[in-house]
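# Results of the structural survey
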Amino acid sequence: MADAPWAEIREKFQAALALSRVELHKNPEKEPYKSKYGARALLEEVKALLGPAPEDEDERPQAEDGLGAGDHALGLPAEVVEAEGPIAQGAVRLAVIEFHLGVNHIDTEELSAGEEHLVKCLRLLRKYRLSHDCVSLYIQAQNNLGILWSEREEIETAQAYLESSEALYKQYMKEIGSPPLDPTEHFLPEEEKLTEQERSKRFEKVYTHNLYYLAQVYQHMEMFEKAAHYCHSTLKRQLEHNAYHPMEWAINAATLSQFYINKLCFMEARHCLSAANVIFGQTGKISTTEDRQHRRA
């Protein structure tokens with residue numbers, strides 16, 4: 001790819017990300033999604049500049065690419081296939097754009113279109129999903145599909161996507177372990193790439209969100225023991241990474257204490273209530289590194 005077009009692509013992509021972050025209340029009252037639509041237009045321009053999907057046998061639609069089917073739902077172990085060479089790099093960059101288009105459409109309440117883009121993202125990344133370059137993006141796409149299907153009250157489909165994300169995270173950490181690329185880095189020059197520490201922080205945040213969403217799914221399915229376990233893990237990780245909102249964290253901890261009380265686990269219940277009280281005291285006094293639990297994470 002020539003330098004001039006690549007510079008243009010990077011610039012448009014960064015502009016799209018900036019527009020995507022604009023809060024809805026900052027848009028005109030009659031056009032609440034104005035910034036989202038602006039971001040979408042730029043993403044579509046980037047997609048056009050990147051060109052069509054690579055002609056690779058593994059990237060073509062297959063019978064298993066339907067909902068609730070395929071590797072993402074079955075939780076099959078992945079093999080490490082690095083995204084090397086122009087065909088692979090082209091597929092990965094296109095997958096990043098499909099992911100952001102998917103999130104964009106979901107943010108504007110166009111769920112079917114959002115789903116279509118996210119499924120395209122997974123299809124493009126399937127063979128590379130355990131690689132250092134792609135694992136974070138693949139998990140984030142599945143997390144978003146999990147949220148989407150949960151909002152449709154198709155809880156078992158949501159569960160399949162989210163459990164697949166959890167399994168992929170665990171396999172990656174066991175077999176590779178090094179902090180993977182953040183999806184935005186595919187459109188950054190080498191000198192602007194993230195540090196290993198920042199990559200690790202972002203990847204762990206993605207996994208924390210995965211656990212958060214799983215806790216909600218298990219609660220919906222009345223798998224209360226499992227929901228409590230995942231809620232506890234989420235709260236613990238949020239504290240460890242200083243990535244929480246005090247009010248939200250305190251409410252969740254207090255809610256978890258009720259589960260322990262009902263199970264006659266009074267020591268655990270007291271611990272949760274004490275922690276909730278301490279963290280609630282931070283409300284309005286500190287800033288945190290955590291954005292609200294959001295489908296983009």
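Because the structure is a prediction, the values reported are computed rather than measured.

## A word on the nonpolar core
Of all hydrophobic cores here, the largest spans 73 residues; its most connected members are F13, L50, I97, L125 and F187. Residue contributions to this core peak at 11 residues, all from helix α4 (residues 85-107). Other than its neighbours up to four places away in sequence, F187 contacts W6, I9, R10, F13, Q14, V46, L50, R93, V96 and I97.

## Focus: helix α9 (residues 224-240)
Compared with an ideal rise of 1.5 Å per residue, which puts 17 residues at 24 Å, α9 spans 24 Å between its outermost C-alpha atoms and is within 8% of the ideal. Within the sequence span of α9, burial applies to A227, A228, Y230, C231, S233, T234, L235, R237 and Q238. Buried residues along α9 sit in contact with α7 (155-175), α8 (196-220) and α10 (246-262). In the stretch just after α9, N242 is the one whose phi turns positive, near 50 degrees.

## Remarks on the pattern of salt bridges
Taken as a whole, this structure holds 14 salt bridges when the rule is applied. One salt bridge connects R152 with E115, and the closest N-O pair in it is separated by 2.9 Å. With a gap of 37 residues between them, R152 in the loop between α6 (135-151) and α7 and E115 in helix α5 (residues 111-125) connect regions that are remote in the sequence. Its relative accessible area of 26% is what places R152 among the partly exposed residues.

## What about the side chain of H132?
Here H132 shows up in the loop between α5 and α6. A polar contact of 3.1 Å, which involves the side chain of H132, links it to the backbone oxygen of P179. Ignoring sequence-local partners within four residues, the contact set of H132 consists of E82, Y172, S178, P179, P180, L181 and R199.

Cut-offs and rules
- Residues numbered from 1 in each chain as written.
- Predicted model: local features only at pLDDT ≥ 70, side-chain atom pairs only at ≥ 80, totals over all residues.
- Heavy atoms only, no water.
- Core = buried A, V, L, I, M, F, W, Y, C linked by side-chain atoms within 4.5 Å.
- Buried < 20%, exposed > 50% of the residue type's maximum accessible area, 1.4 Å probe, protein only.
- Helix = DSSP H or I, 4+ residues; strand = E, 2+ residues; numbered from the N terminus.
- Contact = heavy atoms within 4.5 Å.
- Expected span 1.5 Å × (residues − 1).
- Salt bridge = Lys/Arg side-chain N within 4 Å of Asp/Glu carboxyl O.
- Polar contact = N/O pair within 3.5 Å; in protein donor to acceptor, adjacent residues only side chain to side chain.

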